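Analysis of the macromolecular model
Each chain is listed here by its residues.
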Amino acid sequence: MPRKKRIGIRLTDDEHAHIFARAGAMHVSEFIRAQALGRRPRLPRQIPAINQAAWSDLARCLGNLNQITRAVNRGEVPADSETGKTLLRRIDEINAHVRDLRNHLIGADQESAR
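Residues numbered from 1 in each chain as written. Predicted model: local features only at pLDDT ≥ 70, side-chain atom pairs only at ≥ 80, totals over all residues. Heavy atoms only, no water.

1. Regarding the overall build of the protein
Counted only if it meets this: Under the scheme used here, helices are H or I runs from DSSP no shorter than 4 residues and strands are E runs no shorter than 2 residues, and both carry numbers assigned from the N terminus. Whether two residues are in contact is decided by their heavy atoms, any of which lying within 4.5 Å being enough. Using the Shrake-Rupley algorithm and a 1.4 Å probe, accessible areas are obtained, with residue cover drawn only from the displayed protein chains. For the charge count, each Lys or Arg is scored as positive and each Asp or Glu as negative, with His and the chain ends excluded. The atoms used to mark charge sites are NZ of Lys, CZ of Arg, CG of Asp and CD of Glu.
When helices and strands are counted, the protein shows 5 helices and 0 strands. What you see in the protein, going N to C, is helices and strands ordered as α-α-α-α-α. A principal-axis box enclosing the C-alpha atoms of the protein has dimensions of 60 × 35 × 25 Å. Counting only contacts in the protein whose residues sit at least 6 apart along the sequence, the fraction spanning at least 24 positions is 44%. Accessible surface, the protein as shown: approximately 9500 Å² in total, 52% of it carbon and sulfur. Looking at charge distribution, the protein has the averaged site of its 20 positive side-chain charges lying 4 Å from that of its 13 negative ones.

Structure follows, in structure tokens:
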């Protein structure tokens, strides 16, 4: 669900520094939201050095898939044609597989199995 509401707060320099230090690598807004709502903060995943190249290659592949999807959505390939429908279906499947592979590269799939 998109977040549309905003809350502004004023902080002292010390409070500001303390919050940023506690947030660490997280986005401060995510950290504050997690704290305020009693949730466990989601820390950004670290990519093991051995997987850096594969992670980057997969990011480029996903970018290319997004460009193909945009071309279909712009009407360069009619989305309601059989080719367009098949292409979009295959893109969704590939995106899911690449997402799973990227999660495997950072160990996220092992964490969810615990």
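2. Overview of the pattern of salt bridges
Defined as follows: One speaks of a salt bridge when a side-chain nitrogen belonging to Lys or Arg is within 4 Å of a carboxyl oxygen belonging to Asp or Glu.
If you walk through the whole model with that rule in mind, you get 4 salt bridges. Residues Arg 33 and Glu 30 are paired through a salt bridge, measuring 3.3 Å at the closest nitrogen-oxygen approach. With Arg 33 and Glu 30 both in helix α2 (residues 28-36) and 3 residues apart, the pair spans about one turn of that helix. Note that Arg 90 is salt-bridged to Glu 93, the shortest N-O span being 3.1 Å. Residue Arg 90 and its partner Glu 93 are located together in helix α4 (residues 82-106), separated by 3 residues, close to a single helical turn.

3. Focus: the nonpolar core
Test applied: Residue types Ala, Val, Leu, Ile, Met, Phe, Trp, Tyr and Cys, when buried and joined through side-chain atoms within 4.5 Å, form a set referred to as a nonpolar core. Burial classification: accessible surface area is computed with a 1.4 Å probe over protein chains only, and a residue below 20% of its type maximum counts as buried, one above 50% as exposed, and the rest as partly exposed.
Among the nonpolar cores identified, the biggest contains 8 residues, and these are Trp 55, Leu 58, Leu 62, Leu 65, Ile 91, Val 98, Leu 105 and Ile 106. Of all the elements in the fold, those that place two or more residues in this core are α3 (52-73) and α4. Those residues within four positions of Leu 65 in sequence are excluded, and the remaining contacts are Ile 91, Ile 94 and Asn 95. Grouped together as the second largest cluster of nonpolar side chains are 5 residues, Ile 19, Ala 23, Met 26 and Val 28 included.

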